[in-house]
There are 2 protein chains.
Amino acid sequence: MSVPRSVAAHRQAVVELLTGVLAGKGNITLPLLEALGKALAVDVHAPLSLPPFANSQMDGFAVRSAEIPDGGAELRVVEPVPAGAAPAALKPGCAAPIMTGAMIPEGADAVVPIEKATPNTFPDPAAADATVRLPPVTPGTYVRDSGSDIGKGALALPAGTRMGPAQLGLLAALGLTTVEVREPWSVLLVTTGDEVVEPGEELTAGRIFDSNGTLLEASMRQAGLDVVRTGISGDDPSRLLEVLRRHTVPGDGRVDLIVTTGGVSKGAYEVVRQAMANQAVDFLPVAMQPGGPQGLGAFEGVPFLGFPGNPVSCLVSFEMFLRPALSQVLGTPAPRPVLRARLAEALGSPDGKHQIRRGTVAADGTVRMEGGAGSHLVHALARANALVQIPGDVTELAQGDEVEVWML
Amino acid sequence: MSVPRSVAAHRQAVVELLTGVLAGKGNITLPLLEALGKALAVDVHAPLSLPPFANSQMDGFAVRSAEIPDGGAELRVVEPVPAGAAPAALKPGCAAPIMTGAMIPEGADAVVPIEKATPNTFPDPAAADATVRLPPVTPGTYVRDSGSDIGKGALALPAGTRMGPAQLGLLAALGLTTVEVREPWSVLLVTTGDEVVEPGEELTAGRIFDSNGTLLEASMRQAGLDVVRTGISGDDPSRLLEVLRRHTVPGDGRVDLIVTTGGVSKGAYEVVRQAMANQAVDFLPVAMQPGGPQGLGAFEGVPFLGFPGNPVSCLVSFEMFLRPALSQVLGTPAPRPVLRARLAEALGSPDGKHQIRRGTVAADGTVRMEGGAGSHLVHALARANALVQIPGDVTELAQGDEVEVWML
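Given the structure is predicted, the values throughout are model-derived calculations rather than measurements. (Residues numbered from 1 in each chain as written. Chains lettered and ligands numbered in written order. Predicted model: local features only at pLDDT ≥ 70, side-chain atom pairs only at ≥ 80, totals over all residues.)

Caption draft 1: A look at the relation of the copies chain A and chain B. Mapping chain A onto chain B calls for a screw motion: a turn of 180 degrees about the axis and a shift of 0.0 Å along it, with 0.0 Å RMSD after fitting. Here the two chains are linked by the operation of a two-fold rotation axis. Measuring from the rotation axis to each C-alpha of chain A, the shortest distance belongs to A:P337, at 4.6 Å. (Least-squares fit on C-alpha atoms with pLDDT ≥ 70 in both.)

Caption draft 2: Here's a closer look at the environment of A:Q57. All names here are of chain A. With respect to the helices, strands and loops of the structure, Q57 is situated in the loop between strand 3 (55-56) and strand 4 (60-63). The partly exposed category is assigned to Q57, around which 17 C-beta atoms lie within 10 Å. Remark: the alpha-carbon pair of Q57 and V394, spanning 337 residues in sequence, is separated by 58 Å. (Helix = DSSP H or I, 4+ residues; strand = E, 2+ residues; numbered from the N terminus. Buried ≥ 20, exposed ≤ 12 C-beta atoms within 10 Å, placed from the backbone.)

Caption draft 3: The packing of helix 1 (residues 7-23) of chain B against helix 6 (residues 311-330) of chain B, seen in detail. Residue and element names in this part refer to chain B. At a closest axis distance of 8 Å, the pairing of helix 1 and helix 6 adopts a crossing angle of 50 degrees. With respect to helix 6, the axis of helix 1 lies oblique. The handedness of the crossing between helix 1 and helix 6 is right-handed. Along the contact surface, helix 1 presents V7, H10, R11, V14, V15, L18, T19 and L22, while helix 6 presents M320, F321, L322, P324, A325, L326, Q328, V329 and L330. Here the residues of the contact of helix 1 with helix 6 are counted per class, giving 13 nonpolar, three polar and one charged. (Axes fitted to C-alpha atoms, helices over the stretch in contact; angles between N-to-C directions. Parallel < 35°, antiparallel > 145°, perpendicular 65-115°, else oblique. Left-handed = near helix turned anticlockwise from the far one by under 90°. Contact = placed C-beta atoms within 7 Å. Nonpolar A, V, L, I, M, F, W, Y, C, P; charged D, E, K, R; others polar.)

Caption draft 4: Highlighting the pairing of strand 24 (residues 366-369) of chain A. Residue and element names in this part refer to chain A. Both strand 21 (residues 338-343) and strand 24 contribute to a ladder of two bridges, which runs parallel. From the neighbouring strand, R342 faces strand 24, where its bridge partner is T366. Direction of pairing for strand 23 (residues 354-361) relative to strand 24: antiparallel, over a ladder of three bridges. Bridging from a neighbouring strand, G359 pairs with M369 of strand 24. Counting the residues that bridge the hairpin from strand 23 to strand 24 gives four residues, and of these G365 lies at a positive phi of roughly 85 degrees. (Pairing = 2+ DSSP bridges.)

Caption draft 5: Layout of the sheet that holds strand 4 (residues 60-63) of chain B. Residue and element names in this part refer to chain B. In spatial order, the strands read 7-4-6-5-8; together these five strands make up an open sheet with mixed pairing. Either end of the sheet is taken by a strand with one partner, and the two such strands are strand 7 (110-113) and strand 8 (131-134). On average, each strand axis in the sheet is tilted by 40 degrees relative to the strand beside it, whichever way the strands run. Summarising the sheet, strand 5 (residues 73-77) and strand 8 pair through four bridges and their orientation is antiparallel. Paired with E74 across the strands is R133, a residue of strand 8.

Caption draft 6: Just helix 1 (residues 7-23) of chain A, in detail. For helix 1 of chain A, built from 17 residues, the straight-helix expectation of 24 Å at 1.5 Å per residue is met to within 8% by its first-to-last C-alpha distance of 25 Å. Buried residues along helix 1 of chain A sit in contact with strand 18 (288-289), strand 19 (293-299), strand 20 (302-307), helix 6 (311-330) and strand 23 of chain A. (Expected span 1.5 Å × (residues − 1).)

Caption draft 7: A look at the environment of A:N27. All names here are of chain A. Within the secondary structure, N27 sits in strand 1 (residues 27-31). Under the C-beta neighbour-count criterion, N27 is labelled partly exposed, with 13 such atoms within 10 Å. For N27 and G309, which are 282 residues apart along the polypeptide, the C-alpha to C-alpha distance reads 34 Å. For N27, the residues in contact, after removing those within four places along its chain, are A41, E180, V181, R182 and E183.

Caption draft 8: View of the confidence of the model for chain A. Across chain A, pLDDT averages 95, with 99% of residues at or above 70. Reported for the predicted complex are a pTM of 0.94 and an ipTM of 0.94. (pLDDT = per-residue confidence, 0-100.)

Caption draft 9: Local environment of the packing of helix 3 (residues 212-222) of chain A against helix 2 (residues 165-173) of chain B. Packing of helix 3 of chain A against helix 2 of chain B brings their axes to within 7 Å, and their N-to-C directions diverge by 155 degrees. On the basis of their axis angle, the class for helix 3 of chain A and helix 2 of chain B is roughly antiparallel. As helix 3 of chain A packs across helix 2 of chain B, the resulting crossing turns out to be right-handed. Touching A:T214, A:L215, A:A218, A:S219 and A:Q222 of helix 3 of chain A are B:P165, B:A166, B:L168, B:G169 and B:A172, all from helix 2 of chain B. Residues belonging to the contact of helix 3 of chain A with helix 2 of chain B are distributed by class as follows: six nonpolar, four polar and no charged.

Caption draft 10: Expanded view of the interface of chain A and chain B. Facing 73 residues of chain A, the contacting portion of chain B comprises 74 residues. Listing elements by their share of the side of chain A that touches chain B, those giving two or more residues are strand 10 (155-157), helix 2 (165-173), strand 14 (208-209), helix 3, helix 6 and helix 7 (378-383) of chain A. With eight residues, helix 2 of chain A is the single largest residue contributor to the side of chain A that touches chain B. When grouped by side-chain class, the residues that make up the side of chain A that touches chain B number 45 nonpolar, 19 polar and nine charged.

Structure follows, in structure tokens:
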């Protein structure tokens, strides 16, 4: 077996694999809300300024500030300006009742809040010849200038921006109804092994239910991938090849990426290794535990990743390689938040292997392990909220030592 | 106007409102993958043990450990045990080649890894009378005991657990195909205001495009709510009442919750306040900026929340009140990660009001503001990755001071 590859080197290899996928894909246009969680494929420039026009930040009186001396002034009250209206120009010597968000009339340059007016209520619009006494005000007071948030033509969102509520809200404020995103990727997900049985079927002696399929499909869906499932493939390489060939015929049914689980170790019954014998696929050890054995390459020209067969190894493979590579190449999903936490217990770790333990980070900044190192401990995994990263050159850690954690 | 209510007190009022919604709803059963991101409605106990049977952690030889003395032993090699097979009992004086994950034969109690065997390869299964020399091994070595992850009947996941890939993977490993979750809630979302125009329509003078609808629908979808939209309602209370009445008729079309935006202040054209005149709805100031004016109550018996009309106020209202209340009452969505960050700049804040600024937290743990305090700054909002929380009793903060940030 070759010298183990570092985690960083293997992740880079996955990035390069996915960069190849990206090159073969285009963009699509979606209604704003369907783009939620996706990344912008192109820069978006503002088709209009925000605010589109100068407007009032308060309910008050729009005035010409130069008309009010230090001692205040009595001004004639003209027709009120509700939000949504296009007001007439403000005549000299006048004050216009104005609502929050309403357009500042031409000629006005400041707003005096209603609280500072005498009387401090708006006159009945039907009342003729009403007046109001207002204190002095500096130009621009309580005026939201046109373009003060963003000017027409400026970069509103750069390509690659992940679109959440605020980003979509901005595009709506700019009057846009659609947005350009990357064409979605389809991933063929095949779980392998004679010992694996579909949940809901009968479990005979020596067999286990497949959790990898559900675990990885859920992970991939969260990451924005379109997942194609085939059911479980047993340990017969010819059956696996048949499944893979069915989804790699050039044309509409050809997937963009293949991910298998199981069958990548050095043992006697390694179905994925056997099936890939004539393909441009490497099987190599990564200096990582769990999830050390990995396959990477292309099957009939379709980029291929072979994950190991234990559920924890599958999740770790996804989180350490595929998910960060997708974030880097596609802009989605969001990278996992990375924090430092203090160990609630002492830990040992094998020399030369980057170990990933599952842990629960508490509010006090400590992290305790969930279950042991075993990659079959899926109940322990389900209790964890973080992956605990222990670099390959670390073999002993004391209680209270700081470790890097990736929040799940 | 009454004395402003604290942020905590208003959030508690929203929790109580939603608790009432919950009481009227039941549970539904979904296929595992459709439950992704939802919360479990009931406890799930393990219908079987994990692992279901003792199995090997390594490729190696299953042995009776008591048969190997300190100096090692030469044992007869019997039929191999692949993963998925139900092996025969191990005869005395024998060693069974066994694959990772394969069932430990009856009688065997330990596995010697293939690397420690002499020879260190498995014999051809067709070869008769093959033997292997093995070193001593303590009982239990490289054996994953049945139930070592979880025992049959034990609590697998408690009610309220949010289901991500690992939790769904566990349920699949337990052979389950469906899961019980809370019935989804439908929310009627109505944006109001004569000044607001649907994106894509013509923008006349004095008007702005509606961003609240998109921003809040996206937020609500992410939180797992089913959103019903009605289009924009203008400033005519009778039109708004008509829209609300249409969705609150007892029966299938009756929504579980109503959220409006705009029209909740003290001004002259406050359509939501006017429409709610005969309903059990309070309009009150919360000691918060932005998002201070809030409405809360019930319209024709349907729980009602009235958010203010500016986009930043809408987002802040959702994040400070509705989202955390949903997390508390329903178990979803996940609470926002709360961190401490150091201010990159000095800040002032109004006395007596909990201020929420929008900021970008950098990798070095500092946070800088995006835009000013103005609640109309939706482009600044779209650049931010966090809400910066400044308590009501804080008026001045220096560069480098620590503040609480909620990561968006």
